[in-house]
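Below are the chains, spelled out letter by letter.
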Amino acid sequence: MAQVPLNVRELAVGQLAERTGVAVSTLHFYEAKGLITSRRTAGNQRRYTRDTLRRVSFIRLSQRVGIPLTDIKAALDRLPSGRTPTREDWASLSAAWRSELDLRIERLLQLRDDLTDCIGCGCLSLDRCLLANPHDRLGEEGPGPRRLLAARARAEVCGAGCGSGCEEEAS
């Protein structure tokens, strides 16, 4: 990969793509969604400021942990324009997502731990499971993964992880 000299203040779309490992079409998509910006040269070529490198990296990392693009855009809109975002800027953005990520992790752990029971609760369209769901009792409560839905509802009511034992009741 060709190194872009530090004295170059703007990057062409190909240079940005090469440095970030993101396809040119993805950069165009990000720009169309307002996640990054460029200016046009007299020859109508895109030019990106160097801070766009950090923005694209932030977008990719945020997507990797499941943050929707609309939330990423809202976060990037709070950043200052005209200067490279600082470590404090990035820390502030990521801190805003911490509770959402913690909740997502908790739900994923619950899903992982409940996968064995999932077959017995009817969510895989099984009529009944003689061990976990005798006489298809859970089917009378409605369609879908009844145990998981009930556990999620209890967690949302009590605040998920409140320590009152609702997590144990969900098992």
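Residues numbered from 1 in each chain as written. Predicted model: local features only at pLDDT ≥ 70, side-chain atom pairs only at ≥ 80, totals over all residues. Heavy atoms only, no water.

Asks: Quick question: what am I supposed to make of the overall build of the chain here?
Replies: In terms of helices and strands, the chain carries seven helices and three strands. Each helix (α) and strand (β) of the chain, taken in turn from the N terminus, gives the series β-α-α-β-β-α-α-α-α-α. Look at the contacts in the chain between residues 6 or more apart in sequence, and 50% of them connect residues 24 or more apart. For the chain, the accessible surface area stands at approximately 11,200 Å², while carbon and sulfur atoms represent 54% of it. (Helix = DSSP H or I, 4+ residues; strand = E, 2+ residues; numbered from the N terminus. Contact = heavy atoms within 4.5 Å. Areas by Shrake-Rupley, 256 points an atom, 1.4 Å probe, with all protein chains shown as cover.)

Asks: Teacher, can you tell me more about the sheet that holds strand β1 (residues 10-12) here?
Replies: Within a sheet, adjacent strands bond to each other through the backbone by hydrogen bonds, running parallel or antiparallel. As summarised here, the arrangement of the three strands in space is β1-β3-β2, forming an open sheet in which the pairing is antiparallel. What marks the edges here is a single partner per strand, and that holds for β1 and β2 (39-40). The sheet contact formed by β2 and strand β3 (residues 46-49) spans two bridges and is antiparallel. Note that in β3 the partner of arginine 39 across the bridge is arginine 47. Set on the sheet, helix α1 (residues 13-20) makes contact with β1 and β3; between it and β1 the angle comes to about 90°. (Pairing = 2+ DSSP bridges. Axes fitted to C-alpha atoms, helices over the stretch in contact; angles between N-to-C directions.)

Asks: It is not clear to me how the side chain of serine 62 should be interpreted in this structure. Could you clarify?
Replies: As for its position among the elements, serine 62 is in helix α3 (residues 51-64). Judged by its relative accessible area of 4%, serine 62 is buried. (Buried < 20%, exposed > 50% of the residue type's maximum accessible area, 1.4 Å probe, protein only.)

Asks: When you look at the packing of α1 against α3 in this model, what are you seeing that I'm missing?
Replies: How two helices sit against one another is set out by the angle between their axes and by the gap between those axes. Packing of α1 against α3 leaves a shortest axis separation of 10 Å and a crossing angle of 50°. Here α3 runs oblique to α1, going by the angle between their axes. Like other packed secondary-structure pairs, α1 and α3 cross with a definite hand, here right-handed. Side by side, α1 and α3 meet where Leu16, Arg19 and Thr20 of the first sit next to Thr52, Leu53 and Val56 of the second. Residues belonging to the contact of α1 with α3 are distributed by class as follows: three nonpolar, two polar and one charged. (Parallel < 35°, antiparallel > 145°, perpendicular 65-115°, else oblique. Left-handed = near helix turned anticlockwise from the far one by under 90°. Nonpolar A, V, L, I, M, F, W, Y, C, P; charged D, E, K, R; others polar.)

Asks: Mind showing me how you'd approach the layout of surface pockets here?
Replies: In this approach the atoms are scanned with a rolling probe the size of a water molecule, which exposes any empty space left behind. In this structure, the second largest pocket occupies an estimated 320 Å³ of space. Where the lining of the second largest pocket is concerned, the elements lending two or more residues are β3, α3 and α4 (69-77). Grouping the amino acids of the lining of the second largest pocket by side-chain chemistry returns six nonpolar, eight polar and seven charged. (1 Å grid on protein atoms, 1.4 Å probe; cavity = no way out; pocket = protein on both sides within 12 Å on 5 of 7 lines; lining within 4 Å. Points joined across faces, edges and corners; volume = space filled by probe spheres on them.)

Asks: It is not clear to me how the packing of aromatic side chains should be interpreted in this structure. Could you clarify?
Replies: Given two aromatic rings, their pairing is described by the distance between the two centres and the angle made by the two planes. In the structure shown here, the tally under the stated rule is three aromatic pairs. With centroids separated by 6.4 Å and ring planes inclined at 50°, the aromatic side chains of phenylalanine 29 and tyrosine 30 adopt a geometry described as tilted. What makes phenylalanine 29 partly exposed here is its relative accessible area of 38%. Owing to a relative accessible area of 1%, tyrosine 30 belongs among the buried residues under this scheme. An aromatic cluster is defined as three or more aromatic residues linked by ring pairs; in this entry it consists of Phe58, Trp90 and Trp97. (Phe/Tyr/Trp six-rings, centres within 6.5 Å; stacked < 30°, edge-to-face > 60°.)

Asks: Explain the confidence of the model for the chain to me, please; I cannot follow it from the model alone.
Replies: Caution is warranted with low-pLDDT regions, since their predicted coordinates should not be read in detail. A residue-level look at the chain finds 73% of positions with pLDDT of 70 or above and a mean pLDDT of 78. Contacts for the low-pLDDT stretch residues 162-171, under 50 throughout, to residues beyond four places or in other chains number eight contacts. (pLDDT = per-residue confidence, 0-100.)

Asks: Even after reading the chapter, I still don't get the pairing of β3, so can you show me in this structure?
Replies: On a regular strand, one side chain projects to one face of the sheet and the next to the other, so that they alternate. In the sheet, β1 pairs with β3 via three bridges, with the strands oriented antiparallel. When the bridges of β3 are listed, glutamate 10 appears paired with threonine 49.

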